[in-house]
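# Analysis of the macromolecular model
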Amino acid sequence: MMNKFKYTTTAALCAILAACSGSNEKAEPSQTNSADAAKIWPKLNIEVKQTAEIENRVKSMLSKMTLEQKVAQMIQPEIRDITVEDMRKYGFGSYLNGGGGFPNNNKHSTPADWIAFAEELYQASIDDSLDGSKIPTMWGTDAVHGHNNVIGATLFPHNIGLGATNNPDLIEQIAKATATEVMVTGIDWVFAPTVAVVRDDRWGRTYEGYSEDPEIVRSYAASIVKGLQGHANKDFLSDNRVISTVKHFLGDGGTEKGDDQGDNIASEQELFDIHAQGYVGGLTAGAQSVMASFNSWHGDKLHGSKYLLTDVLKDQMGFDGFVVGDWNGHGQVKGCTNESCPQSVNAGLDIFMVPTDAWKPLYNNTIQQVKDGVIAMSRIDDAVTRILRVKMRAGLFEKPSPANRKFSGKTELIGQESHRRIAQQAVRESLVLLKNKNNLLPLSPTLNVLVAGDAADNIGKQSGGWTITWQGTNNTNNDFPGGSSIYSGIKQQVNAAGGKTTLSVEGKFTTKPDVAIVVFGEDPYAEGHGDRENLDYQRGSKSDLKLLKSLKAQGIPVVSVFISGRPMWVNAELNASNAFVAAWLPGSEGKAVADVLFTKKDGSVNHDFKGKLSYSWPKTPDQTTVNRNDKDYAPLLPYGFGLTYGDENVLSDNLNEVLNMDLSKVETRVFFDGTMHKPWYLKLLSNHKEMDVNASSHKVGSLTYRTIDRNVQEDSVLLTTQGNHTSGLHVVAKSYFREDLSNDLSANSALHLLVNVQQFTDATANIFMNCEGTGDVAGSCHTGIDITELISELPKDSWQPLSIDLQCFANAGVNFSQVVKPFEMNLTGNTRIGLADIMFKPNTAKAATLSCQ
């Protein structure tokens, strides 16, 4: 039970590789070249082989293409940023809908709307009246747990739950069902599977990874690819299949501190042994595309890494499909912008994923860079060869148009019952039983059952991020026709057996129940917004724990069903529960949870627990990097753990609940010291207008901004305002991602800044913080402290320190685990104020200018 999964070393992989050689020497990016790649990276025995017929067709077609037509194949815009006429004029090789991107910008677009849009763009792409090209375009989508952008689709458990099933055959069935539902809407290409091996559970994309261990990831990658594309020797990219994408290459699950889009500093051997195994599995099975990752490796962005994209992936491993970028990821490469990045093309990127209106200057700049010799024509030809090769393998030149393909328009296949049955099996097998005191489970369906918790009757919450919308927020049960909540399954089984169910989110009842099932957990989130400082569940609020303790105090046995996208420190919640089930993010088929919790009416077991932890469960809130095979491996529950009915319970009711976090590691968090520190940037606001700070001076509304010199050149800024309009300087997280700053609060930090008041006439000054509220993408909790009096009393024309205890903001309602803007200086009146050195400093709260200790 404890060791279900076995780790496989590099040497053991040789059975599925054409050649293998190894070295344990660390190879930094600056030290590597194509000759070095063979020391660690294998030559894969890829099951999909090149054929002379396709290669000759590609060569012939390429020879007739203009430079403009070739570059157009390398541009992938987003559906919200192009028109049908743009497609007709430019002939883009592909396009995508991002998370929350829908035809007609309508969340409730029908399958017919999706098909009509696909047909329009396809017909425009093969119309050669303007661009001279008849090469069909292709549509890519993030179908990461089913066709998750489409109302009514079957939503499978997220990958973290699938990892707990340890069932590769089931994974292949899921991928095949997903491919079918995707094809109903006329789409050719799926951005899956994600093969991240997650090493730090603070990462907001943890639930997109199958496991912390590479073995199961490698196995699942092959299964998903075969389910989406078909087997290389059977049904490969037929009318029943779609193109798959193994992502994100490489090391996205191993960034420092779990920072989304951060830096992976693993050695090259570790990069292969741990983070590349999904590519061994997926590419060997014949995946036709690879998506480059946002992260860096030793400081070098993957979108600009020739060594990894070309020397390793293409030349050494033998991948002959194409490499697509991630959402403007090329713009993060040193020296690049979203509108210009020859570095990525030269590194080996074949398709720019370029949402927003940046696609047009990127297209034009890339053409000019080829003409200027910055990008070699041979590199363009290689990229387009790869794109055309995949399109020909997929039969896009021969298949009917999207509206006329095998599954197009067969809306009965969206969410069809056979697919939902597969999803229900996945839900049942993903559930992991962590605690079962006195064998409380399984329950008889003849009992009086209270169902409580805010996730009990909430399909959106149980489905998590990447569900209809990007973050999975702002959804209701009505957005999931054919789906079922966890409560609905309980009600169905209990009522059919003659028992009684009561639903109360708050846990209220009139007749004392025999048992309470409390369904609770994390609210939905996706990349960026999900990063955390630690794994403490509901830090600072503990409303769910209060509910559990209330029920237990009334003598009611409590079964906890925990919804989460990662393992979390829930010692107190475990103590307050008689039984505890890790349900992960089960998707649209919540009713299947009841199949495992309850017996049949006659008392016989309906379905036993099968799920085993594919992630280690933490013993403390800061045990964020506990992974199988660690030298000092000591989790609360180990990798592979999972009780079945009748097993001896291993968790007591007195697990440590004391928050013993090492706050001595909390460092000064600098936002601005003449330079903005990632992931923060500056915005200006005045007269309800916003502007990003990207120059040394700006004018917006009644606010003037300029950099000034305090100690060194441009290490400070000067704000000048006039009139009664509110104007201010805001420190904002990238893309309005929420940041978990709860450790700063716990470490008794204070906000510090230097202020130089030159004018403050008929004026007010406030410092705000902005935190993200439940269900919102932009910040919704906007709490400020009036510092007018403090500013008025400061000496004029000299730099003065000002500090505010973070507890003051917490007392006013700021949730430090979801901060979007950690600093806003808002001014009215006639002012001229210098600002410098904006930061949080630990252990300074008591001595702050304004303290709330």
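Shown above is the structure to which this text applies.
The text that follows walks through the structure, step by step, so that each part is easy to find.

Conventions and cut-offs
Residues numbered from 1 in each chain as written. Predicted model: local features only at pLDDT ≥ 70, side-chain atom pairs only at ≥ 80, totals over all residues. Heavy atoms only, no water. Buried < 20%, exposed > 50% of the residue type's maximum accessible area, 1.4 Å probe, protein only. Helix = DSSP H or I, 4+ residues; strand = E, 2+ residues; numbered from the N terminus. Pairing = 2+ DSSP bridges. Phe/Tyr/Trp six-rings, centres within 6.5 Å; stacked < 30°, edge-to-face > 60°. Lys NZ or Arg CZ within 6 Å of the ring centre and 35° of its normal. Core = buried A, V, L, I, M, F, W, Y, C linked by side-chain atoms within 4.5 Å. Contact = heavy atoms within 4.5 Å. Disulfide = S-S within 2.5 Å. Patch = residues over 30% accessible without salt bridge, like charges linked within 9 Å, V, L, I, M, F, W, Y side chains within 5 Å. Areas by Shrake-Rupley, 256 points an atom, 1.4 Å probe, with all protein chains shown as cover. Salt bridge = Lys/Arg side-chain N within 4 Å of Asp/Glu carboxyl O. Lys, Arg positive; Asp, Glu negative; His and termini not counted. Charge placed at Lys NZ, Arg CZ, Asp CG, Glu CD. Arc of directions from axis to C-beta. Axes fitted to C-alpha atoms, helices over the stretch in contact; angles between N-to-C directions.

## Thoughts on the pairing of strand β4 (residues 94–97)
The side-chain alternation of β4 yields two buried faces, one formed by Ser94 and Leu96 and the other by Tyr95 and Asn97. The pairing of β4 with strand β5 (residues 138–141) spans four bridges and is parallel. Each residue of the ladder has a partner; that of Leu96, found in β5, is Gly140.

## Regarding the packing of aromatic side chains
Counted by the stated rule, this structure contains 24 aromatic pairs. Taking the centre distance of 5.1 Å and the plane angle of 80 degrees together, the rings of Trp189 and Phe322 count as edge-to-face. Here the residue Trp189 occupies a position in strand β6 (residues 189–190), and Phe322 occupies one in strand β12 (residues 322–324), the gap between them amounting to 133 residues. Neither residue differs from the other here; Trp189 and Phe322 are each classed as buried. An angle of 45 degrees between the planes, with centres 5.8 Å apart, marks the rings of Phe562 and Phe580 as tilted. Note that Phe562 is positioned in strand β18 (residues 558–563) and Phe580 in strand β19 (residues 579–584), a separation of 18 residues in sequence. Residue Phe562 shares its accessibility class with Phe580, and that shared class is buried. Ring pairing ties together the aromatic residues Tyr90, Phe92, Trp359 and Tyr363, which thus form one cluster. Sitting over the face of the ring of Trp799, Arg710 holds its NZ or CZ atom 5.7 Å from the ring centroid.

## Things to note about the nonpolar core
Counting residues in hydrophobic clusters, the biggest one holds 131 residues, and the most contacted among them are Trp41, Ile75, Tyr95, Leu283 and Leu308. Looking at this core element by element, the count peaks at nine residues for helix α8 (residues 168–184). Excluding anything up to four places from it in sequence, Ile75 contacts Phe92, Gly93, Ser94, Phe352, Val354, Trp359, Leu362 and Tyr363. If you look at the next biggest cluster of nonpolar residues, it comprises 73 residues, including Leu441, Trp466, Ile490 and Leu551.

## Some details on the state of the cysteines
Inspection of every chain in the model, using the stated rule, returns two disulfides. The residue that forms a disulfide with Cys336 is Cys341, at a sulfur-sulfur distance of 2.1 Å. Every disulfide takes its handedness from the sign of the S-S torsion; for Cys336 and Cys341 that torsion is 65 degrees, giving right-handed. Across the pair, exposure class does not vary: Cys336 and Cys341 are buried alike. What pairs with Cys808 in a disulfide is Cys852, and their sulfur atoms sit 2.0 Å apart. The disulfide joining Cys808 to Cys852 has a torsion of about 110 degrees about its S-S bond and is therefore right-handed. On the criterion of sequence distance, the pair formed by Cys808 in helix α24 (residues 806–811) and Cys852 in the segment after β30 (819–841) is long-range, its members being 44 residues apart.

## Re a positive patch on the surface
A cluster of basic residues, Lys176, Lys234, Lys406 and Lys410, forms a positive patch at the surface. Along the chain, Lys406 turns up in the loop between α15 (377–393) and α16 (417–430).

## A closer look at the side chain of Asn328
Tracing the chain through its elements places Asn328 in the loop between β12 and α13 (342–347). The contacts of Asn328, once residues within four sequence positions are left out, are Asn338, Met353, Val354, Pro355 and Thr356.

## What to know about helix α18 (residues 486–496)
Listed in full, the buried residues belonging to α18 are Ile486, Tyr487, Gly489, Ile490, Gln493 and Val494. Across the axial projection of α18, the buried residues extend over an arc of 160 degrees, all falling on one side. Turned more than 90 degrees away from the buried face of α18, the exposed residues are Gln492 and Ala496. Check the buried side of α18 and you find it contacts β15 (448–452), α17 (459–463), β16 (500–503), β17 (515–521), β18 and α21 (592–597).

## Points about the sheet that holds strand β7 (residues 245–249)
The three strands are arranged β7-β9-β12 in an open sheet whose pairing can be described as parallel. Where the open sheet ends on each side, the last strands, each with one partner, are β7 and β12. Across the sheet, the mean angle from the axis of one strand to that of its neighbour is 30 degrees, orientation sign disregarded. Pairing geometry for β7 and strand β9 (residues 289–292), over four bridges, is parallel. In the sheet register, Lys247 faces β9, and the bridge partner there is Met291.

## Things to note about the pairing of strand β26 (residues 727–733)
Judged by how many residues are buried, β26 sits mostly within the fold: seven of seven residues are covered. Of the two faces of β26, the one holding Ser727, Leu729, Val731 and Ala733 and the one holding Gly728, His730 and Val732 are both buried throughout. Relative to β26, strand β21 (residues 680–686) runs antiparallel, the two sharing seven bridges. Paired with Tyr681 across the strands is Val732, a residue of β26.

Geometry only, nothing functional implied.
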